Amino acid sequence: MTAEWEIIATVPLPPPRFSMSLLRLERTTSRLCWRHRAAASLLNLNSTANTTTPRRIRRPGFTLSKSISLTATPNKDLTDAEAKQMLKSVSSSKIISMPTIAPTGATKLPPVEHWKKTFKFSEKRKRKTLCNAETAKKLAELFVPEGSKDKIIVEAYAGPGLLSRALLELPRERIKKLIVIEEEPHFREWLDPLQELDDRVHVVPEDAFWWTTYSKIEEDGLLDDVTTHDWNEVNPNLHFISQVPNNVHGEQLISQLCRAIPDRKWFFKYGRVPLDLITTTTMYTRLSAGPTDFKQRTKVGVITQAAADLESLVPKEDFEPPSQHFFYPSKGVSTVRRGKVSEMPQQHARVVPKKEQAIDPDTLDSWDYVVRNLMITKATPLSKCITGLGPGAGSLLKKLTDPSLPPEQQIDVKKTPRELSTEEWRTLVRVFEDWPFRPEQLSIDRAFTSTGKNSAR
């Protein structure tokens, strides 16, 4: 059996000789001392350590390392109890129960009542993963319905692969290739056997949050057989699916995917690729709120609605109660905190790029600048807050209210930014673009035009 583990522990110097067992050690106990040479006699360890700058602790000759990723292979098969007993004989460290390792070649997931023990690890992004088999089957049929043929599916944040398995159970002619993106090694233990069993499956051990992950997919040739379609039709060949994290990373991911549409970046260079996302109800509201729901309107919603059509094809009731449909891995958070996270309402969102884009090519920076600066004062009438676009911006009001212009090119400046429709935002941005005194520096961090992993996706 093999597995990758994220371990936090105090270890003797030098770091390159670091050896550690499969078992997790408690970071907060600064007096822990791991006798790594004795542990190495029990385990053969191939370290692929993510080196971090260690800091000294009170005990001389030892350091505290923040996070190290290891690939560990036991010399012999050991049960949890046997491993603990052997390791206790060589260490005074407090030992935390290790997660269950997927048996070699396992294609069937453990019963859901065992998931808390099986997937017991620290997860910082409030990631959820489907745990209800019936829900997964319904979603698979919705995402790839009857009549689909030779689809190439990119599934991000796949977890242990319950939805992946449901997709593979569909008639084979519907799916030509399933590209599964999952960085968490404890989940990948249950995905790798699918790759060995079905030649359509390709597991990508990367973080779906980063732009470089999708560049790697292309570089590896996994999208070589994707057909580019005319923008007048939705691409029937390529499809993106994701169980989006519940925290700010999830919001940033959705925002950047939608921002890639106008200039046809990312997968949108292949045409109008549909996205099926599972996100929080709160996030869906922020994306979909329009002028009539102006109290919920946000900048990300304005940009999304200008670039894509958004709808939910799954009744919210089908995901209730959330704890019966989604599982949240945890190392041992309090019951109260875990309860709050696991009960966050979830909602489906289908995002399809608009045929007629409100955001003209190469104007995304202007849209970002105008929407960002005006939505800060979202409850202030446009006639007053427009000065936030720069010195002298008040002169733009004349061009927005000129009675000689067609009605569709005029804006009621008594409206607040939250009450503006997509067409009114489009008119406003075009007037801003034509303004000779507009600021020169408009851009914020544009992740999809950079290749570094440090880009803010």
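Definitions and cut-offs
Residues numbered from 1 in each chain as written. Predicted model: local features only at pLDDT ≥ 70, side-chain atom pairs only at ≥ 80, totals over all residues. Heavy atoms only, no water. Helix = DSSP H or I, 4+ residues; strand = E, 2+ residues; numbered from the N terminus. Buried < 20%, exposed > 50% of the residue type's maximum accessible area, 1.4 Å probe, protein only. Contact = heavy atoms within 4.5 Å. Areas by Shrake-Rupley, 256 points an atom, 1.4 Å probe, with all protein chains shown as cover. Expected span 1.5 Å × (residues − 1). Salt bridge = Lys/Arg side-chain N within 4 Å of Asp/Glu carboxyl O. Pairing = 2+ DSSP bridges. Axes fitted to C-alpha atoms, helices over the stretch in contact; angles between N-to-C directions. Phe/Tyr/Trp six-rings, centres within 6.5 Å; stacked < 30°, edge-to-face > 60°. Lys NZ or Arg CZ within 6 Å of the ring centre and 35° of its normal. pLDDT = per-residue confidence, 0-100. Right-handed = clockwise from strand over helix to strand, strands pointing away. Left-handed = near helix turned anticlockwise from the far one by under 90°. Nonpolar A, V, L, I, M, F, W, Y, C, P; charged D, E, K, R; others polar. Core = buried A, V, L, I, M, F, W, Y, C linked by side-chain atoms within 4.5 Å. Polar contact = N/O pair within 3.5 Å; in protein donor to acceptor, adjacent residues only side chain to side chain.

Caption draft 1: Seen up close, the overall build of the protein chain. Helix and strand counts for the protein chain stand at 16 helices and 15 strands. Every one of the 457 residues in the protein chain was classed for burial, and the buried ones make up 53%. Counted over contacts in the protein chain with a minimum sequence separation of 6, partners at least 24 positions apart contribute 73%. As displayed, the protein chain offers around 21700 Å² of accessible surface, 50% of which is attributable to carbon and sulfur atoms.

Caption draft 2: A look at the environment of Asp150. Tracing the sequence through the fold places Asp150 in the loop between α4 (133-143) and β8 (151-156). Overall, Asp150 belongs to the partly exposed group, its relative accessible area being 34%. Distance from Asp150 to Ile175, taken between C-alpha atoms, is 4.8 Å for residues 25 residues apart in sequence. The contacts of Asp150, once residues within four sequence positions are left out, are Glu173, Arg174, Lys176 and Asn237.

Caption draft 3: Focus on helix α13 (residues 364-375). A rise of 1.5 Å per residue sets the reference length of α13, with its 12 residues, at 16 Å; its end C-alpha atoms lie 16 Å apart and thus fit the reference within 8%. Burial analysis of α13 places 9 of its 12 residues in the buried class, the great majority of the element. Listing the buried residues of α13 in full gives Leu364, Ser366, Trp367, Asp368, Tyr369, Val370, Val371, Leu374 and Met375. In this fold, the buried residues of α13 make contact with α9 (248-259), α11 (299-307), α14 (382-385) and α16 (422-433).

Caption draft 4: Local environment of the pattern of salt bridges. Here the structure, examined in full by the defined rule, presents 19 salt bridges. As a salt-bridge pair, Glu182 and Arg127 come within 2.7 Å of each other at their nearest N and O atoms. Of the two residues, Glu182 sits in the loop between β9 (175-181) and α6 (185-188) while Arg127 sits in the loop between α3 (115-118) and β7 (129-130), which places them 55 residues apart along the sequence. The partner of Lys216 in a salt bridge is Asp220, with the nearest N and O atoms 2.8 Å apart. Exposure remark for Asp220: the relative accessible area of 47% places this residue in the partly exposed category. One connected set of salt bridges, linked through shared partners, spans Arg172, Asp198, Asp199 and Arg200.

Caption draft 5: Looking closely at the sheet that holds strand β10 (residues 201-204). Strands sit in the order β10-β9-β8-β11-β12-β15-β13 across an open sheet of 7 strands; the sheet is mixed. Two strands in the sheet have a free side with no partner beyond their single neighbour: β10 and β13 (308-311). If you compare each strand with its neighbour and ignore which way they point, the axes differ by 20 degrees on average. Note: β8 against β9, 6 bridges, orientation parallel. Each residue of the ladder has a partner; that of Ile152, found in β9, is Lys177. Against the sheet, helix α8 (residues 211-219) touches β8, β9, β10 and β11 (238-243), its axis set at about 140 degrees to β9. Across the face of the sheet, helix α10 (residues 281-288) comes into contact with β12 (275-280), β13 and β15 (346-353) while running at roughly 120 degrees to β12.

Caption draft 6: Spatial organisation of the environment of Phe268. Along the chain, Phe268 turns up in the loop between α9 and β12. The class of Phe268 is buried, set by a relative accessible area of 1%. Residues Phe268 and Thr228, spaced 40 residues apart in sequence, show a C-alpha to C-alpha distance of 9.2 Å.

Caption draft 7: How the structure looks around the packing of aromatic side chains. Counting across every chain of the model gives 16 aromatic pairs. Ring geometry for Trp115 versus Phe119: centroids 5.3 Å apart, planes at 85 degrees, classification edge-to-face. Of the two residues examined, Trp115 and Phe119, each falls in the buried class. Considering the side-chain rings of Tyr214 and Phe267, the 5.8 Å spacing of their centres and the 85 degrees angle between planes classify their relative orientation as edge-to-face. Of the two residues, Tyr214 sits in helix α8 while Phe267 sits in the loop between α9 and β12, which places them 53 residues apart along the sequence. This pair shows no difference in class: Tyr214 is buried, exactly as Phe267 is. By the ring-pair criterion, three or more aromatic residues cluster together here, those being Trp115, Phe119, Phe187, Trp190 and Phe327. Taking NZ or CZ as reference, Arg264 lies 4.1 Å from the ring centre of Trp231, over its face.

Caption draft 8: How the structure looks around the confidence of the model for the protein chain. Residues at a pLDDT of 70 or more form 70% of the protein chain, whose mean pLDDT is 77. Segment residues 89-101 is flagged for pLDDT under 50; beyond a separation of four residues in sequence, or across chains, it makes 40 contacts in the model. The model gives residues 333-339 a pLDDT under 50, and that stretch makes 6 contacts with residues more than four places away or in other chains.

Caption draft 9: Molecular detail of the pairing of β9. For β9, the tally of buried residues reaches 6 of 7 residues, placing the bulk of the element in the interior. Chirality of the crossover, the property in question, places the unit of β8, helix α5 (residues 162-168) and β9 among those that are right-handed.

Caption draft 10: Local environment of the packing of α9 against α11. Put simply, α9 and α11 touch, their axes get as near as 9 Å, and they point 35 degrees apart. Crossing handedness for the pair α9 and α11: left-handed. Here Glu251, Ser255, Cys258 and Arg259 of α9 come into contact with α11, specifically with Val300, Ile303, Thr304 and Ala307. By residue class, the composition of the contact of α9 with α11 is 4 nonpolar, 2 polar and 2 charged.

Caption draft 11: How the structure looks around the nonpolar core. Tyr214, Leu223, Leu238, Phe240, Trp266 and Phe267 are the most contacted members of the largest nonpolar core, which has 39 residues in total. When residues of this core are assigned to their parent elements, the largest contribution, 4 residues, is made by α9. Counting 34 residues, the second largest nonpolar core, distinct from the first, contains Leu162, Leu178, Trp190 and Phe327.

Caption draft 12: Quick peek at the side chain of Thr135. Structurally, Thr135 can be placed in helix α4. By relative accessible area, Thr135 is classed as buried at 8%. Of note is the side chain of Thr135, whose polar atom sits 2.8 Å from the side chain of His325. Sequence-distant contacts of Thr135, that is, excluding residues within four places in its chain, are made with Leu130, Phe319 and His325.

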